[in-house]
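Summary of structural features
Listed below are the residues making up each chain.
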Amino acid sequence: MQISKLQGLSEQEVKERRTAGKSNNVKLPTSRSYVQILRENLFTFVNAVFFAISGVFLFLQRPSDAIFVAVIIFSGVVIGICQEIWAKRKLDKIALLTRPVATVIRDGKEYTVDPREIVLGDLLLLYPGEQILVDGQIVGEGRIEVDESLLTGESDLIPKMEGQEVYSGSFCVSGRACYEAQKVGTETVAYQLMAGARQFRQVYTPLQQEINLIIRVLLLLACFLWILIAISFIIRSQSLNEIVQRAAVIAGLIPAGLLIAITLAYVMGAVQMLGKNILIQQTNAVESLSNVDVLCLDKTGTLTTNQIELHDLYPIEVPVGDLRSILGDYAASTQSGNRTTDAILNGCSGYTKLIKTEVPFSSDRKWSSVVFDDTERDGTYVLGAPEVLSLATPLDATAKNYIQEQINQGLRVLLFARSPVSVSLGANDTPSLPPDLSAIGILSFSDRLRKGASETLQGFTQAEIAVKIISGDNPQTVAAIALQAGFSEQIKLISGAELEQMNDVQFAQAASSYNVFGRIAPQQKAKIVKSLRDAGHYVAMTGDGVNDVLSLKMANLGIAMESGSQATRGIADIVLLKDSFEALPPAFLEGQRIRNGIRDVMKLFMVRVCCVALLIFATAIVSDSFPLMNKHSAIVTLVGVGIPTMFIPVWAQPGEQSKQSMVRSILHFIIPASLSITLVALIVYLFYLVSAILDLPPAAGIARVDYEIPRTALVTILVFCELLLIPFLKPPTTAWVAAEPLNGDWRYTSVAGILIITYLLILYISPIREFFELAPISPINCLWLGLVAIEWSFIVRLMWRTRFLDRFLGVDLE
């Protein structure tokens, strides 16, 4: 039975089955619920610690401390909740945008419906690239090839004909057929798989994994110190208020502000990319963008618009009019039409004829065939790549020269041939070319270059990303298109046939050294991507057709076009809305910018954490005292680190820094800075502490020492040194170049200067100073502390420039 003759269910039958609950109306969760988001952000161990400390402060009648702690932790919670609710809504929209549609036959007519409107017994049409939405059985005379890799893990294409089962979760690669829905809703094989795939997944990026590791280590350190504080409370006569103050300072070692800064950086990145028509489908996409160093492009649909037009016909042994007529009938009658057959039909008028057998086009085979059920068109007609068909049919020198001329112009060339033998295929037969094949015509097709393709390729060069063009077309055609698009690199060309003859070692070398690949089968495309990954590259792959699915899954980052197949969009990490290929270079730079900003934020936070932790141990050893109060720690964090890190991710720049080892980069910066600041701060603290002891009356005991001035001096020197670190982190001139390369941006240094003035205002405006429990110190003392901080900056610059730490450790930390 022809597909066109199938009637399907009547509207009355559809209504009855929907009423009986035999529909596909199941709602798959697309993201976490609002309750889940609130619960997972509020009820964490770190939050519990801060809230407990805040509660104890209230019990001790210190509401200002309690409110201060609560505000700090709640600001992070609120930002996190808002960001994740925003992400949830975007994810829900993505699910709606990329949700497949179904083509059903009802009352002999085709309708496009939402998958939830499918009912048991519906007849659904399948075209190449479409997802199979419910479990069913092929009906009629169609023939398709199905990729069931999402269900079975195997990438081999499975031929399906009348009477054979198809399963939801797989998709049609080639051919055209109709299947009857036999299981719908929760009864389908792939329901659980699809439910899990559509839900929000907490996928940690490499950078997030490193940061989480550091935070866990700091959490262990804090727990260790809390245990010591508890022991101290038991064996000493310290007040509960003092113990809680110390516990709050130690809790500050867990950098909650770092998580806020990172969250804001990712939110800003996602917003920036959405504004560039880039839809993020996986949480690690921003991180992946920052790591990409090799981009594999599919020519058709990426460099070109995939708007194919028939350019020229070259008849062989038949009149050109007869060739046009046969081609027109071929394109009009095929049940597995594609853009190529559409272009043929636009250039050659034809009539729909009955078909006995059809082999749909496959990127693996590189050809398709039709056997007409018509005495006028007897035999088997084959349309395919000249390199493949010429092995079965000889071509004279004139035809070969014509093919080469068309290829050199960047045109796509196909060979049309006929065999007098009518080939029929069974359900499990492997398609093969018929015998006695003879060429009857050569077709050439043109494809338009995508607007801005040349500028886009130049943008990849600016982002330091190597580009490799991989296509199923003739290698010379691909090379010609690359030249037209302004491919700046020297073209090194290789074909799939040459790759087929290579062993694994040679294949890997070819994947690395060549940059234009032609006549590549889908499996070869995936193997190229895998070889590049095995060589240590971070690979992004773009594609739009079902032949790109394997390579997209193999890449570190899969990028699909919005106009691409449902299967391609479904497995991609990023979807380019409006097919905005030109948005990719800015997106890669945006990813690098975000990563660099997070690294800089991480360095400042780690310096603060290390300094406070070392000071706690150092002062306990040399003076049997605790260096900071809760509000002191808060002001050091807020002015010295918190406010600067609000600007650093915004002003960060893309570049090579994003590809260095984060651990080495951080150690190179934080160890000299932390050790030197701790030493200077400890000396300042002890100097003022000794002065306070010497100023005591002879009869006073050491227990009556006033720690306010030593602690205020300590807070001041810490703030000054931390703010002076910012020009070292982002050097505005060569005078500040020591640990980091020249940046030339004075905005960072300006922020540091403004914050120094802000701190001085806090120090000399009585109500604010009293709120932070700082003692008044004279301008002379403040000037002296400023000079100490400047002297420290010369010392730490010398340490960086002489690579003292590197030589001491015997390693290269840059």
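Rules used in this analysis
- Residues numbered from 1 in each chain as written.
- Predicted model: local features only at pLDDT ≥ 70, side-chain atom pairs only at ≥ 80, totals over all residues.
- Heavy atoms only, no water.
- UniProt positions renumbered as here; feature names shortened; annotations may be inferred.
- Helix = DSSP H or I, 4+ residues; strand = E, 2+ residues; numbered from the N terminus.
- Buried < 20%, exposed > 50% of the residue type's maximum accessible area, 1.4 Å probe, protein only.
- Contact = heavy atoms within 4.5 Å.
- Areas by Shrake-Rupley, 256 points an atom, 1.4 Å probe, with all protein chains shown as cover.
- 1 Å grid on protein atoms, 1.4 Å probe; cavity = no way out; pocket = protein on both sides within 12 Å on 5 of 7 lines; lining within 4 Å.
- Points joined across faces, edges and corners; volume = space filled by probe spheres on them.
- Nonpolar A, V, L, I, M, F, W, Y, C, P; charged D, E, K, R; others polar.
- Patch = residues over 30% accessible without salt bridge, like charges linked within 9 Å, V, L, I, M, F, W, Y side chains within 5 Å.
- Salt bridge = Lys/Arg side-chain N within 4 Å of Asp/Glu carboxyl O.
- Expected span 1.5 Å × (residues − 1).
- Arc of directions from axis to C-beta.
- Pairing = 2+ DSSP bridges.
- Axes fitted to C-alpha atoms, helices over the stretch in contact; angles between N-to-C directions.
- Phe/Tyr/Trp six-rings, centres within 6.5 Å; stacked < 30°, edge-to-face > 60°.
- Lys, Arg positive; Asp, Glu negative; His and termini not counted.
- Charge placed at Lys NZ, Arg CZ, Asp CG, Glu CD.
- pLDDT = per-residue confidence, 0-100.
- Parallel < 35°, antiparallel > 145°, perpendicular 65-115°, else oblique.
- Left-handed = near helix turned anticlockwise from the far one by under 90°.

- An unreviewed UniProt entry annotates the protein chain as HAD-IC family P-type ATPase of Tolypothrix bouteillei VB521301.
- As recorded by UniProt, the Subcellular location (unreviewed entry) comment attached to the protein chain reads in full: "Membrane".

1. Some details on the overall build of the protein chain
- Scanning the protein chain for helices and strands turns up 31 helices and 21 strands.
- Within the protein chain, the fraction of its 814 residues that count as buried is 54%.
- Long-range pairs, those at least 24 residues apart, make up 72% of the contacts in the protein chain with a sequence separation of at least 6.
- Total accessible area computed for the protein chain in this model is approximately 34900 Å², and 59% of it derives from carbon and sulfur atoms.

2. Some points on empty space enclosed by the protein
- For the coordinates displayed, the defined rule picks out 4 cavities of 30 Å³ or more.
- Lining the largest cavity are 11 residues, with Val 359, Ser 369, Thr 380, Val 423 and Ser 432 sitting closest to its centre.
- Contributions of two or more residues to the lining of the largest cavity are made by strand 11 (355-359) and strand 12 (367-372).
- In terms of residues, the lining of the largest cavity owes the most to one element, strand 12, which gives 3 residues.
- For the lining of the largest cavity, the per-class residue count stands at 7 nonpolar, 4 polar and no charged.

3. Side note on a nonpolar patch on the surface
- Together, Phe 59, Phe 224, Ile 227, Leu 228, Ile 231, Phe 233, Ile 234, Ile 235, Leu 240, Phe 617, Ile 621 and Val 622 line one region of the surface with nonpolar side chains, adding up to about 1200 Å² of accessible area.
- Where the nonpolar patch is concerned, the elements lending two or more residues are helix 7 (206-235) and helix 23 (584-622).
- With 7 residues, the single largest contributor to the nonpolar patch is helix 7.
- Topologically, Leu 228 is positioned in helix 7.

4. Description of helix 28 (residues 746-764)
- Taking 1.5 Å of rise per residue, 19 residues should cover 27 Å, and helix 28 covers 27 Å from first to last C-alpha, within 8% of that figure.
- For helix 28, the complete set of buried residues consists of Tyr 748, Thr 749, Val 751, Ala 752, Leu 755, Tyr 759, Ile 762 and Leu 763. Burial along helix 28 is one-sided: seen end-on, the buried residues are contained in an arc of 150°. Turned more than 90 degrees away from the buried face of helix 28, the exposed residues are Ile 754 and Ile 757.
- Of the surrounding secondary structure, the elements contacted by the buried residues of helix 28 are helix 24 (630-642), helix 25 (644-651), helix 27 (708-729), helix 29 (766-771) and helix 30 (779-801).

5. Overview of the sheet that holds strand 15 (residues 438-446)
- Taken together, 6 strands build an open sheet; the order of strands is 10-15-14-13-12-11 and the sheet is antiparallel. Single-partner strands in this sheet number two, and they are strand 10 (309-315) and strand 11. In this sheet, adjacent strand axes meet at a mean angle of 20° when their direction is disregarded.

6. Here we look at helix 12 (residues 320-333)
- Between its first and last C-alpha, helix 12 extends 20 Å over 14 residues, near the 20 Å set by a 1.5 Å rise per residue.
- Those residues of helix 12 that sit buried are Leu 323, Ile 326, Leu 327, Gly 328, Asp 329, Tyr 330, Ala 331, Ala 332 and Ser 333.

7. Section: the pairing of strand 13 (residues 380-384)
- Taken across its 5 residues, strand 13 has 5 buried, putting it largely inside the fold.
- Residues Thr 380, Val 382 and Gly 384 of strand 13 are buried on one face, and the alternating residues Tyr 381 and Leu 383, pointing to the opposite face, are buried as well.
- Judged from the 5 bridges that link them, strand 12 and strand 13 form a sheet pairing that is antiparallel. Its bridge partner lying in strand 13, Ser 369 is registered against Val 382.
- Of the pairings in the sheet, the one linking strand 13 to strand 14 (residues 412-419) comprises 5 bridges and is antiparallel in character. Across the sheet, the residue bridging to Tyr 381 is Arg 418, located in strand 14.

8. Focus: the pattern of salt bridges
- Evaluated as defined, the whole model comprises 16 salt bridges.
- Across the pair Arg 176 and Glu 110 runs a salt bridge, and its minimum N-O distance is 3.8 Å. In this pair, Arg 176 is assigned in strand 7 (residues 171-183) and Glu 110 in strand 2 (residues 109-113), connecting sequence segments 66 residues apart.
- Close ionic contact of Asp 600 with Lys 730 constitutes a salt bridge, the shortest N to O distance being 2.7 Å. One end of the pair, Asp 600, is in helix 23; the other, Lys 730, is in the loop between helix 27 and helix 28, with 130 residues separating them in the sequence.

9. Concerning unusual backbone geometry
- A positive phi angle, close to 55°, is found at Asp 436, a residue other than glycine.
- Relative to the assigned elements, Asp 436 resides in the loop between strand 14 and strand 15.
- One non-glycine residue, Glu 773, adopts positive backbone phi at about 60°.
- Considering the arrangement of structural elements, one finds Glu 773 in the loop between helix 29 and helix 30.
- For Glu 773, a relative accessible area of 24% corresponds to the partly exposed category.

10. Comments concerning the packing of aromatic side chains
- Here the structure, examined in full by the defined rule, presents 15 aromatic pairs.
- Taking the centre distance of 5.9 Å and the plane angle of 65° together, the rings of Phe 460 and Phe 588 count as edge-to-face. Taken as a pair, Phe 460 in helix 16 (residues 453-462) and Phe 588 in helix 23 lie far apart in primary sequence, 128 residues in all. Just as Phe 460 is buried, Phe 588 falls in that class too.
- Of the aromatic side chains, those joined through ring pairs into one cluster are Tyr 330, Phe 372, Tyr 381 and Phe 416.

11. So, a negative patch on the surface
- A surface patch of like charges, here negative, comprises Glu 11, Glu 13, Glu 16 and Asp 107.
- Note on placement: Asp 107 falls in the loop between strand 1 (102-106) and strand 2.

12. Let's talk about the confidence of the model for the protein chain
- Per-residue confidence for the protein chain gives a mean pLDDT of 81, with 83% of residues at or over 70.
- At the level of individual helices and strands, the protein chain shows its lowest average pLDDT in helix 6 (residues 191-198), which scores 48, and its highest in helix 28, which scores 94.
- For residues 194-203, every residue scores under 50 in pLDDT, and the model assigns this stretch 23 contacts once sequence neighbours within four places are set aside.

13. With respect to the sheet that holds strand 20 (residues 557-561)
- The 8 strands are arranged 8-21-20-19-9-16-18-17 in an open sheet whose pairing can be described as mixed. Edge positions in the open sheet fall to strand 8 (278-280) and strand 17 (493-495), since each of these has one partner strand only. Mean inter-strand twist for the sheet, computed between neighbouring axes without regard to direction, equals 20°.
- Pairing analysis gives 5 bridges linking strand 9 (residues 294-298) to strand 16 (residues 466-470), with the strands arranged parallel. Residue pairing for strand 16: Asp 298 is matched across the bridge by Ile 470.
- On top of the sheet, helix 17 (residues 475-484) reaches strand 16, strand 17 and strand 18 (516-518); it is set at about 140° to strand 18, its chief contact.

14. Let's talk about the environment of Ile 243
- Assignment of secondary structure puts Ile 243 in helix 8 (residues 240-251).
- On the accessibility criterion, Ile 243 (9% relative accessible area) is buried.
- Sequence separation between Ile 243 and Ala 230 is 13 residues; the distance between their C-alpha atoms is 7.9 Å.

15. Description of the packing of helix 12 against helix 13 (residues 339-347)
- For the pair helix 12 and helix 13, the least separation of the axes is 8 Å and the interaxial angle reads 135°. In terms of axis orientation, helix 12 runs oblique to helix 13. You can see that helix 12 and helix 13 cross each other, and the crossing is left-handed. Contacts between helix 12 and helix 13 involve Arg 324, Leu 327, Gly 328, Ala 331 and Ala 332 on the former and, on the latter, Thr 341, Ile 344, Leu 345 and Gly 347.
- In terms of residue class, the contact of helix 12 with helix 13 is built from 5 nonpolar, 3 polar and 1 charged.

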